[in-house]
Amino acid sequence: STAVFEAETEKTGIKVKWQRAGTEITDSEKYALKSEGNKHSLTISNVGKDDDVTYAVIAGTSKVKFELKVKEPFSNNKKSEPVAPAEASPAPAAPELPAPLVERNQNPEVPPAETQPEEPVDPIGLFVTRPQDGEVTAGGNITFTAKVAGESLLKKPSMKWFKGKWMDLASKVGKHLQLHDSYDRNNKVYTFEMEIIEANMTFAGGYRCEVSSKDKFDSSNFNLIVNEAPVSGEVDIRAAFRRTKTNLLFNFFIFDDNIVNMDYLLRNGFILFCRGDGKSDSQPDVDVWEILRKAPPSEYEKIAFQYGITDLRGMLKRLKRIKKEEKKSTAFLKKLDPAYQVDKGQKIKLMVEVANPDADVKWLKNGQEIQVSGRYIFEAIGNKRILTINHCSLADDAAYECVVAEEKSFTELFVKEPPILITHPLEDQMVMVGERVEFECEVSEEGATVKWEKDGVELTREETFKYRFKKDGKKQYLIINESTKEDSGHYTVKTNGGVSVAELIVQEKKLEVYQSIADLTVKARDQAVFKCEVSDENVKGIWLKNGKEVVPDERIKISHIGRIHKLTIEDVTPGDEADYSFIPQGFAYNLSAKLQFLEPPKIHLDCLGQSPDTIVVVAENKLRLDVPISGDPTPTVIWQKVNKVIRSTTTLLFESEGRVRVEKHEDHCVFIIEGAEKEDEGVYRVTVKNPVGEDKADITVKVIDVPDPPEAPKISNIGEDYCTVQWQPPTYDGGQPVLGYILERKKKKSYRWMRLNFDLLKELTYEAKRMIEGVVYEMRIYAVNSIGMSRPSPASQPFMPIAPPSEPTHFTVEDVSDTTVALKWRPPERIGAGGLDGYIVEYCKDGSSEWTPALPGLTERTTALIKDLVTGDKLYFRVKAINLAGESGAAIIKEPITVQEIMQRPKIWLPRHLRQTLVKKVGETINIMIPFQGKPRPKISWMKDGQTLDSKDVGIRNSNTDTILFIRKAELHHSGAYEVTLQIENMTDTVAITIQIIDKPGPPQNIKLADVWGFNVALEWTPPQDDGNAQILGYTVQKADKKTMEWYTVYDHYRRTNCVVSDLIMGNEYFFRVFSENLCGLSETAATTKNPPKIFWYKNKVDLSGDAKYRMFSKQGVLTLEIRKPTPFDGGFYTCKAVNERGEAEIECRLDVRGNQINIMDNINFAGKNQQ
């Protein structure tokens, strides 16, 4: 028949895995896996007793385990009876348990050992690198590596790998285990590797490797941890399982630190789908929980059998509780939840809400009232009643009730224990029949409960006559006092947080080896026979070659006669050289020997023949020729040159001195020439000999070199940014034709040469371009052949690319007199890197073509005064710029100039900023420059306010084109109207300039308090006497409390001479001050108000100041007189007077004291004007 399991996930696209007895199930003829959206199914065909195991479905970190129980079918003449379902775990999980249900003891995937960083070198023993502890996921591969130093070993060492203390892994080589070895000739290191393929949980444990070579031995221990395969994603599995007519029963286990029964699955949204028969036709899914809620009690057992319910009693109990809870509660507004869950050692609060805030409640645990203690705390907050349980232990895992009057609220508390981890795993063991076996492991918590299994079957306490269980702190022991052959197998210890597996092998008796196999040394085509003899003639065994089983064929024969086992190899070849081992089956023995092959010497060059091989080496380079050789025993190597033996004896083969030498290694020899020279050319012969034979080879060495450097190049045709370079070929081409040339240049003061061509130059000339004008350069050349580039040639003579400047600009006539002409111009737009040496000025008479130098030599100025000219001549003028490259073009005045004085009217060009009043502050500097024109030079005069200027107070400087008025430090008296006049004969020109010197103003005058009322004060003042020769722009008013004397600005830039200051505090005394302001800023001092008035009290014109019966107050502008214990004699007229330097003010009132009235005190309020 066929069994179908179906699971449903919350999300689509989730990858789901199915497992059988901890091993992942793949799609095959036996198992069919199907996924559609969020529904996944597993179909098992041809169900048999072998399928009666535990299965699991995994999605993300959620894992659900279930069992398939297969029973023999009933006979046709018997009535089919329901099979008793396996009892589900009794502890239901609370509805608050989180979904998805997660298996917490999963470990993250650990990268394989080969990806881990290389371990440090071990300086002790034979090992260079020891195997390190590894961790791998089930199904993954891992490689352990051991490296052995071979420099001090005469032959290859022997390596053995063990699991535990005794199991030789050479006998386990196959699908899941491979052994490899290699040799690094350069570093002289042997590398041994053990590769574990598709690891499973039974591979975990301790391992050991042993290396030996004659009298040397070393070993190393390491551990392997195998983790369960991780799952991706974190989703909730809503799994449902079907049963067929073959009476398939399921136990549902969800490993999440708690065991959840069927009731929990149905209560939390897990849907149980059931199928009526084994056919593949899909039927509508049903919700068993809804069916039970609606069915009468008489139908419960029928429904449980029909749909495979395994926890009917628990479901009915929960159903009954839910029906009871449907009744309306009068005492509780909110009851306890059906169940709570808490971690061991944590705190939890149970809370209800009662209808009556004054109601008393009782808390019961398993029917017993709970008393207040350090662990149990009762709280009442309004309608809430809270029970707090501190440091929860397993004893708190119980049923709790909250009682209010006659009503009760029930709940269950589940205390979770943390997962128990296995900190030290089990180890494999091998014993003889009758010996005592003790398996030991260590867990993370003392006294923890563990489960022992043998080959998947649990070992119970009822079998104490065979097995004994022992706990010692964190250590757990399984003891077998007298072992038998049947005790062999795999033993497993399980906790809720880990699993450890170890193998036990029980042997009947010990095996003795009478004769072990021995090492063999044979020649080619000889026969090799390995032979050993053991004590038991019935013992079989296998032969291994380098860890792999030997397969017999026509050439290799394996025989077993009595107690003697033989391995015979006919016609031995070099491929037969290896390590051979014989392993008796069922015994931890490994008999090993090595087959060494003798072969004639051989030189392994690529091509050997009558003509010698040619090797080309560049002069001054090192020649290193590796010649592979073979032969056993190791042959002697002799190197010869024509009629000259270079190395002839074995004692000199490893000599490292000399320029020409030979080095010998195990499988090759090295011929070395340090710094090859021309005389090293020739034919070299290498000869190898051993007792088996001899071999020779000839090698021709040819030495070539780079060309000699060419001579220094020559530079010609130098321009503004270019030049032409020429050179000659080198005298020696190095034995190879010159392929071309490379040209470089650099600046003379630089050390960096720049390559000018990327393709080789075939010609002997080159035009170099893109140089910077004015920079000094040098050139050099390289010759190139097939060997390389020659040394550089000597540098060329330094040269500079330069060009003459352009013509001068803006060439004009500045002035003309009867005998002189003044010229001016500007420098050329492009001077060039050659600089500018000067200018040459020439003139030519009108009608002539002869140019005459106007100045002796060159001039560096851009102006020239040509003197001693003839009055009335008409002349042309030109100017040229001169540098190292020569003359520039000429700048010419197009029209002829007549040498004759020209009169020009005087004209003053008054600057724009002087056309309005010039304002300066006291102390500033005044510097006025007024340009003018006129010929001949005019007469200049300055006036101030119609008076001639005093040269001691004001400085005047005149030139041909301007006049300057200078005052070093301005004062107020420098203000006024200034007038400058130019005069040439009877022609004049005059301009006027107004200068205003300003200063800070003085303080305002006559400040006074005009009025005081409420919270306000009116101030008045008059403008300052000194305005600083500038308009008063405003005033700044400030106030200060007498207590703090901190000044605060009330108004700034205030233009009036009176203001009102508001928001004052009654009873406080204030000072006020006012600053005046003009263009220079605020006045340096301020006008300030005077002190407030003094207050006096009088009775009938008598001063009361010294009388202790009266108390006087002044607060917030209110004046108070207090009379202590008044009597009729205190009646009369009372006067309050305020006095200051500006005047006084007073007010009067009358007081009558009558009878024995209590309210006799009268307060007199006075608000007087503070006149200052």
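With an unreviewed UniProt entry as reference, the chain is termed Myosin binding protein C, cardiac, source organism Pavo cristatus.

## Notes on the sheet that holds strand β35 (residues 489-495)
Strands sit in the order β29-β36-β35-β31-β32 across an open sheet of five strands; the sheet is mixed. One side of each edge strand has no neighbouring strand; the edge strands of this open sheet are β29 (429-432) and β32 (457-458).

## Some points on a negative patch on the surface
Together, D950, D953, E971, D999, D1026, D1027 and E1084 give the surface a local cluster of negative charge. The residue D1026 is located in the loop between β79 (1016-1022) and β80 (1034-1041) in this model.

## Notes on the sheet that holds strand β14 (residues 189-196)
Reading across from one edge, β8-β10-β14-β13 is the order of the four strands in this open sheet, with antiparallel pairing throughout. The open sheet has two edge strands with one neighbour each: β8 (127-129) and β13 (177-184). Pairs of neighbouring strands in the sheet enclose a mean axial angle of 25 degrees, with direction left out of account.

## Some thoughts on the nonpolar core
Of all hydrophobic cores here, the largest spans 28 residues; its most connected members are V148, M159, W161, M194, I196 and L224. Looking at this core, the elements with two or more residues in it are β10 (142-149), β11 (158-163), β13, β14, β15 (205-213) and β16 (216-227).

## Section: the environment of R525
Structurally, R525 is set in the loop between β38 (520-523) and β39 (528-534). Between the C-alpha atoms of R525 and D571, which are 46 residues apart in sequence, the distance is 3.8 Å. Not counting residues up to four positions away in its chain, the partners in contact with R525 are D571 and V572.

## Here we look at the pairing of strand β1 (residues 3-9)
Most of β1 sits out of view: seven of its seven residues are buried. Of the pairings in the sheet, the one linking β1 to strand β5 (residues 39-44) comprises six bridges and is antiparallel in character. Bridge pairing in β5 places E6 opposite S41.

## Observations concerning the environment of I964
Structurally, I964 is set in strand β75 (residues 962-967). As for I964 and I930, which are separated by 34 residues in sequence, their C-alpha atoms are 6.3 Å apart. Among residues more than four places away in sequence, those in contact with I964 are N927, I928, M929, G955, I956 and R957.

## Some remarks on the pairing of strand β72 (residues 939-944)
Only one face of β72 is covered, namely the one carrying I940, W942 and K944; the face carrying K939, S941 and M943 has none of its residues buried. Where β72 lies against strand β76 (residues 976-984), six bridges are found, and the strand directions are antiparallel. Bridge pairing in β76 links M943 to E979. Looking at chain direction, β72 and strand β73 (residues 947-948) are connected through two bridges and run antiparallel. Each bridged residue has a counterpart across the sheet, and for M943 the counterpart in β73 is T948. Here β72 hands over to β73 after two residues, with D945 in that stretch at a positive phi of 50 degrees.

## Points about the side chain of R661
Along the chain, R661 turns up in strand β50 (residues 660-664). For R661, the side chain forms a polar contact with the side chain of E674, separated by 3.1 Å.

## Points about the pattern of salt bridges
With the rule as written, the count across this model stands at 42 salt bridges. The salt bridge involving R208 is made with E210; its shortest N-O contact spans 3.1 Å. For the pair shown, R208 and E210 are each scored as buried. One network of salt bridges, in which partners are shared, links K451, E453, E458 and K494.

## Considering the packing of aromatic side chains
Aromatic ring pairs are reported here in terms of the distance separating the ring centres and the angle at which the planes meet. Applying the stated rule across the entire model yields 23 aromatic pairs. Measuring from ring centre to ring centre gives 4.9 Å for F671 and Y684, while their planes differ by 50 degrees; the resulting arrangement is tilted. Within this pair, whereas F671 is found in strand β51 (residues 668-673), its partner Y684 is found in strand β52 (residues 682-690), the two being separated by 13 residues in sequence. With relative accessibility at 1%, the residue F671 sits in the buried group. When the centroid spacing of 6.3 Å and the interplanar angle of 35 degrees are considered together, the rings of Y777 and F799 count as tilted.

Conventions used here
- Residues numbered from 1 in each chain as written.
- Predicted model: local features only at pLDDT ≥ 70, side-chain atom pairs only at ≥ 80, totals over all residues.
- Heavy atoms only, no water.
- Pairing = 2+ DSSP bridges.
- Helix = DSSP H or I, 4+ residues; strand = E, 2+ residues; numbered from the N terminus.
- Patch = residues over 30% accessible without salt bridge, like charges linked within 9 Å, V, L, I, M, F, W, Y side chains within 5 Å.
- Areas by Shrake-Rupley, 256 points an atom, 1.4 Å probe, with all protein chains shown as cover.
- Salt bridge = Lys/Arg side-chain N within 4 Å of Asp/Glu carboxyl O.
- Lys, Arg positive; Asp, Glu negative; His and termini not counted.
- Charge placed at Lys NZ, Arg CZ, Asp CG, Glu CD.
- Axes fitted to C-alpha atoms, helices over the stretch in contact; angles between N-to-C directions.
- Core = buried A, V, L, I, M, F, W, Y, C linked by side-chain atoms within 4.5 Å.
- Buried < 20%, exposed > 50% of the residue type's maximum accessible area, 1.4 Å probe, protein only.
- Contact = heavy atoms within 4.5 Å.
- Polar contact = N/O pair within 3.5 Å; in protein donor to acceptor, adjacent residues only side chain to side chain.
- Phe/Tyr/Trp six-rings, centres within 6.5 Å; stacked < 30°, edge-to-face > 60°.

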